[in-house]
Amino acid sequence: MPKTSRIGGLFVLQIVQPGLAGLMDGSVSTLGAGVRGGARHAQQLGRVAVGLAASIGAGISMGFAEALSDDGSLTGRGHPWVRGLICGAMTALGGVGHTFPFLIHDFRFAMGLAIVVVLVELGVITWIRTGT
């Protein structure tokens, strides 16, 4: 196997894959909390605070779960804390992506925009996964 292929393969295995798993989890798992919290808070900042809290909490949870899943020696997945950091950051980013539309005063419009953001995130994830 040529050295460039191995490096590219390791990059996908150690960086891209945990990042996509985190982004996918953040895009979907934090949506419920953001929607429920958004519906209960009349003020935009309350909606955003609920979404940010859910996103950060999910990022911390996924980061630790990925970091503690294996040490990377058998699977070649790389250093566990690097994977955990990448996965956790991308999980939080995925949740934040559909949190910011709730800064818009019109709840229905914000909800529609948040759904579009989630669909775009999942579409990008699918595109990347099928292309690699």
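Reading the values: rules and limits
- Residues numbered from 1 in each chain as written.
- Predicted model: local features only at pLDDT ≥ 70, side-chain atom pairs only at ≥ 80, totals over all residues.
- Heavy atoms only, no water.
- Helix = DSSP H or I, 4+ residues; strand = E, 2+ residues; numbered from the N terminus.
- Buried < 20%, exposed > 50% of the residue type's maximum accessible area, 1.4 Å probe, protein only.
- Contact = heavy atoms within 4.5 Å.
- Areas by Shrake-Rupley, 256 points an atom, 1.4 Å probe, with all protein chains shown as cover.
- Expected span 1.5 Å × (residues − 1).
- Phe/Tyr/Trp six-rings, centres within 6.5 Å; stacked < 30°, edge-to-face > 60°.
- Axes fitted to C-alpha atoms, helices over the stretch in contact; angles between N-to-C directions.
- Parallel < 35°, antiparallel > 145°, perpendicular 65-115°, else oblique.
- Left-handed = near helix turned anticlockwise from the far one by under 90°.
- Nonpolar A, V, L, I, M, F, W, Y, C, P; charged D, E, K, R; others polar.
- Salt bridge = Lys/Arg side-chain N within 4 Å of Asp/Glu carboxyl O.

**Looking at the overall build of the chain**
Working step 1: When its secondary structure is counted, the chain shows five helices and zero strands.
Working step 2: Counting from the amino terminus, helix and strand elements in the chain follow one another as α-α-α-α-α.
Working step 3: Per-residue burial for the chain yields a buried fraction of 35% across its 132 residues.
Working step 4: Considering only contacts within the chain whose residues lie at least 6 apart along the sequence, 66% involve residues at least 24 apart.
Working step 5: Roughly 7600 Å² of accessible area belongs to the chain as shown, and the carbon and sulfur atoms make up 72% of that amount.

**Here we look at the side chain of Thr91**
Working step 1: Within the fold, Thr91 resides in helix H4 (residues 80–97).
Working step 2: Here Thr91 falls in the buried class, since its relative accessible area comes to 0%.

**A look at the environment of Thr91**
Working step 1: For Thr91 and Ile56, which are 35 residues apart along the polypeptide, the C-alpha to C-alpha distance reads 8.1 Å.
Working step 2: Look past the residues within four positions of Thr91 in its chain and what remains in contact with it is Gly22, Leu23, Asp25, Gly26, Ala58, Gly59 and Met62.

**Thoughts on helix H5 (residues 107–131)**
Working step 1: The first and last C-alpha atoms of H5 sit 36 Å apart over 25 residues, in line with the 36 Å expected at 1.5 Å per residue.
Working step 2: Residues Ala110, Met111, Ala114, Val118, Glu121 and Ile125 constitute the buried set of H5.

**Details of the packing of aromatic side chains**
Working step 1: A complete count under the given rule lists two aromatic pairs for this structure.
Working step 2: Taken together, a centroid distance of 5.9 Å and an interplanar angle of 35° make the contact between Phe102 and Phe107 tilted.
Working step 3: Classification of Phe107 as partly exposed rests on a relative accessible area of 25%.

**A short note on the packing of helix H3 (residues 44–69) against H4**
Working step 1: Running from N to C, H3 and H4 cross one another at 155°; their axes reach a closest spacing of 7 Å. Between H3 and H4, the angle falls in the class roughly antiparallel. The way H3 lies across H4 gives a crossing that is right-handed. Here H3 contributes Leu52, Ser55, Ala58, Gly59, Met62, Gly63, Phe64, Glu66, Ala67, Leu68 and Ser69 to the contact with H4, which in turn contributes Pro80, Trp81, Arg83, Gly84, Cys87, Gly88, Thr91, Ala92, Gly95 and Val96.
Working step 2: Taken together, the residues that form the contact of H3 with H4 break down as eleven nonpolar, eight polar and two charged.

**Considerations on the pattern of salt bridges**
Working step 1: Within the structure shown, the criterion is met by two salt bridges.
Working step 2: Across the pair Arg77 and Glu66 runs a salt bridge, and its minimum N-O distance is 2.2 Å. You can see Arg77 sitting in the loop between H3 and H4 and its partner Glu66 sitting in helix H3, a full eleven residues away along the chain.
Working step 3: Residue class for Arg77 comes out buried when judged on its relative accessible area of 19%.
Working step 4: What makes Glu66 buried here is its relative accessible area of 12%.
Working step 5: Bridged by salt links that share partners, the residues Glu66, Arg77 and Arg83 form one connected network.

**A few points about the environment of Gly51**
Working step 1: Tracing the backbone shows Gly51 in helix H3.
Working step 2: Judged by its relative accessible area of 3%, Gly51 is buried.

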